[in-house]
Amino acid sequence: ATALLLKGKSRGEVFVYVVLYEDGKTVAENTYYLAPQKDMNFPDVKITRNISKIDGGYSIVLSSDRLARAVYLSTDDTENFFSDNYFDLIPGKSVTINVTCKLPQNELENRLKIMTYR
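Quick caveat, the model's predicted, so the values are computed rather than measured.

Side note on the side chain of Thr31
Okay, step 1: Structurally, Thr31 is set in strand E2 (residues 25–33).
Okay, step 2: Exposure remark for Thr31: the relative accessible area of 14% places this residue in the buried category.
Okay, step 3: For Thr31, the contacting residues outside a window of four places in its chain are Phe15, Val16, Tyr17, Asp88 and Ile90.

Below you can see the structure in the form of structure tokens.
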């Protein structure tokens with residue numbers, strides 16, 4: 001079964017994304033790796049972002065062209081709260097993160113750092 005998943009690639013180049021549906025709705029999802037993290041060959045990624053104002057802060061929609069492992073957002077400002085951090089960003093699947101902060105949008109856009117595990 002592993003050979004079917006690998007399709008000629010090394011274990012460090014492949015990940016398995018599993019989604020559990022119940023009554024047509026996603027109830028669980030997880031990402032599995034076939035090699036230890038230190039042996040994974042995570043690719044360079046291009047993460048796109050779309051920031052919009054919401055009550056009390058901003059909504060940030062992220063998407064990636066490839067697997068982005070352990071995505072972390074920061075503004076180097078202690079006066080904010082991100083609704084999620086350290087998550088995998090699956091190619092073709094967007095993730096919405098809400099940030100509670102008082103920064104003006106242009107300042108948030110300039111200060112927002114998006115980092116990944118590499």
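Once you've had a look at it, read on.
Re the sheet that holds strand E8 (residues 95–101)
Okay, step 1: Spatially, 4 strands are ordered E3-E4-E8-E6 in an open sheet, and the strand pairing comes out antiparallel. The sheet is open, and its two edges are formed by strand E3 (47–54) and strand E6 (80–82), each paired on a single side. Strand after strand, the sheet turns through a mean of 20° between neighbouring axes, direction not considered.
Okay, step 2: Where strand E4 (residues 57–64) meets E8, 6 bridges bridge the pair, whose relative direction is antiparallel. Following the sheet pairing, Ser59 is matched in E8 by Asn98.

Observations regarding the side chain of Asp88
Okay, step 1: Inspection of the secondary structure assignment puts Asp88 in strand E7 (residues 87–89).
Okay, step 2: At a separation of 2.7 Å, a polar atom in the side chain of Asp88 contacts the side chain of Arg69.
Okay, step 3: The contact partners of Asp88, leaving out residues within four places of it in the chain, are Thr31, Tyr33, Leu67, Ala68, Arg69 and Ala70.

Observations concerning the sheet that holds strand E5 (residues 68–74)
Okay, step 1: Read across the open sheet, the 3 strands follow the order E7-E5-E9; overall the sheet is antiparallel. Each of the sheet's edge strands pairs with one partner strand only, and the pair in question is E7 and strand E9 (113–115). On average, each strand axis in the sheet is inclined to that of its neighbour by 45°, with strand direction left out of account.

A look at the packing of aromatic side chains
Okay, step 1: Within this structure, the stated rule accounts for 3 aromatic pairs.
Okay, step 2: Ring geometry for Tyr33 versus Phe42: centroids 5.9 Å apart, planes at 80°, classification edge-to-face. Comparing Tyr33 with Phe42 shows no difference in burial state: the two are buried.
Okay, step 3: By way of ring pairs, the aromatic residues Tyr33, Phe42 and Tyr117 are connected into one cluster.
Okay, step 4: Its end group placed over the ring of Tyr58, Lys53 keeps NZ or CZ at 4.8 Å from the ring centre.

Conventions used here
- Residues numbered from 1 in each chain as written.
- Predicted model: local features only at pLDDT ≥ 70, side-chain atom pairs only at ≥ 80, totals over all residues.
- Heavy atoms only, no water.
- Helix = DSSP H or I, 4+ residues; strand = E, 2+ residues; numbered from the N terminus.
- Buried < 20%, exposed > 50% of the residue type's maximum accessible area, 1.4 Å probe, protein only.
- Contact = heavy atoms within 4.5 Å.
- Pairing = 2+ DSSP bridges.
- Axes fitted to C-alpha atoms, helices over the stretch in contact; angles between N-to-C directions.
- Polar contact = N/O pair within 3.5 Å; in protein donor to acceptor, adjacent residues only side chain to side chain.
- Phe/Tyr/Trp six-rings, centres within 6.5 Å; stacked < 30°, edge-to-face > 60°.
- Lys NZ or Arg CZ within 6 Å of the ring centre and 35° of its normal.

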